[in-house]
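Examination of the molecular architecture
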Amino acid sequence: MQISTQLILASQSPRRRDLLEQLELAFTVRVSPAEEVIPEGEPPDVVAQRIATQKAVPVAAQHPTALTLAADTIVVHDADILGKPTSERHAFQMLRRLRDTTHDVYTGVSLIHPASDREVTCYERTSVTFGAMDSAEIDAYVASGSPMDKAGGYGIQDRMGPLYIEGIQGDYYNVMGLPLRRLYTTLKSDFSDLLLL
């Protein structure tokens, strides 16, 4: 699959870059200046889509003939949105909260093509079940540094994260930060004229 116009990824996430490379898509990275602000009381699917759009809009405005892609991933546990940890202590608290429970991961995806006046936003939800983790295991995981740049304080694809995940229901890649199936079906349904299979 290729896209007939320039594709811009409005994200500094190395995982999203890796996933697009896995699809062998040619793209350029332009980090969005948008800040991720999560207001209280907004449903998680709305939050993820709104932040994804906020990331995409300023980048798309600077590249009107390109197709701009942005995404935002949040973790939701017992109706609370868990963002990225602000400290090691915060990461420890998040992981202690997630152990032995099931939570949901939402990723909002925004695609904007100003040249054709198209803006499409969608989302994917995946449920993740954690097994038991004792305090020593959580400490070791936090000390690895991996939780610090990830929503919910863990990475399903990193060295230690998979050791504590009992199962998932839904798109694995969504938990990594970019639901590839949802991206593909959205490209096919809304940007088919730009898609080269």
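Counting from 1, residues in each chain are numbered in the order their sequence is written. Since the coordinates come from a predicted model, pLDDT governs what is reported: local features require at least 70, and pairs of side-chain atoms require 80 or more to be given and counted, while whole-chain, interface and lining totals use all residues. The basis for every side-chain value is the complete set of heavy atoms in the structure, and neither hydrogens nor water enter the calculation.

Of the regular secondary structure elements, the protein holds six helices and nine strands. Throughout, the radius of gyration refers to the C-alpha atoms, and the reference size of a globule is 2.2 Å times the residue count to the power 0.38. For 197 residues, the compact-globule formula gives about 16 Å, and the C-alpha radius of gyration of the protein, at 17 Å, lands near that figure. Within the protein, the proportion of its 197 residues that are buried is 49%. Contacts are residue-level and defined by heavy atoms, with any inter-residue pair within 4.5 Å sufficient. Long-range contacts, defined here as pairs at least 24 residues apart, represent 67% of the contacts in the protein between residues at least 6 apart. In the form shown here, the protein has an accessible surface area of approximately 9300 Å², with 47% of it arising from carbon and sulfur atoms. The sign given to each residue is positive for Lys and Arg and negative for Asp and Glu; His and the chain ends receive no count. Each charge is placed at NZ for Lys, CZ for Arg, CG for Asp and CD for Glu. Here the protein carries 18 positive and 26 negative side-chain charges, and the mean point of each set is 2 Å from the other. Only DSSP runs of H or I covering at least 4 residues are called helices, and only runs of E covering at least 2 are called strands; the numbering of each starts at the N terminus. Note on exposure labels: buried denotes an accessible area under 20% of the residue type's maximum, exposed denotes more than 50%, and partly exposed covers the range between, all computed with a 1.4 Å probe on protein chains only. All accessible areas in this document rest on Shrake-Rupley with a 1.4 Å probe, and a residue is counted as covered only by the protein chains that are shown.

The subject of this paragraph is the pairing of strand E4 (residues 67-77). Burial analysis of E4 places 11 of its 11 residues in the buried class, the great majority of the element. Side chains Leu 67, Leu 69, Ala 71, Thr 73, Val 75 and His 77 project from E4 onto one buried face, and the interleaved Thr 68, Ala 70, Asp 72, Ile 74 and Val 76 project onto a second face that is buried too. Here three bridges tie strand E2 (residues 7-9) to E4, and the two strands are oriented parallel to one another. Note on E4: the bridge partner recorded for Ile 8 is Thr 68. Alignment of E4 against strand E6 (residues 102-113), held across nine bridges, turns out to be antiparallel. Paired with Val 75 across the strands is Val 105, a residue of E6. By definition, two strands form a pair when at least two bridges between them are found by DSSP. Pairing of E4 with strand E5 (residues 80-82) involves three bridges; the strand directions are antiparallel. Paired with His 77 across the bridge in E5 is Asp 80.

Right, let's get into helix H4 (residues 135-143). Here H4 has its buried residues at Ile 138, Tyr 141 and Val 142. Looking down the long axis of H4, one finds its buried residues gathered within 95° of arc, a one-sided arrangement. The exposed set on the far side of H4, more than 90 degrees from its buried face, consists of Ala 136 and Ala 143. Residues of H4 that are buried in the fold lie against helix H3 (88-98). Its side-chain oxygen placed 3.2 Å from the backbone nitrogen of Ala 136, Asp 134 serves as the N-cap of H4. Directions from the helix axis toward the C-beta atoms define the arc. Nitrogen and oxygen atoms within 3.5 Å of one another constitute a polar contact, given that in protein one can donate a hydrogen and the other can accept it, and given that sequence-neighbouring residues count only through two side-chain atoms.

Attention now moves to unusual backbone geometry. Of note in the backbone geometry, Asp 78 takes a positive phi value of approximately 50° without being a glycine. Tracing the backbone through its elements, the reader meets Asp 78 in the loop between E4 and E5. For Asp 78, a relative accessible area of 61% puts it in the exposed group. Despite not being glycine, Asp 100 shows a phi value in the positive range, around 60°.

Before going further, it helps to examine helix H6 (residues 180-190). Inspection of H6 places Leu 180, Leu 183, Thr 186 and Leu 187 among the buried residues, and these make up the whole buried set. Taken end-on, H6 shows its buried residues confined to a sector of 130°, consistent with a single buried face. Among the exposed residues of H6, those pointing more than 90 degrees away from its buried face are Arg 181 and Ser 189.

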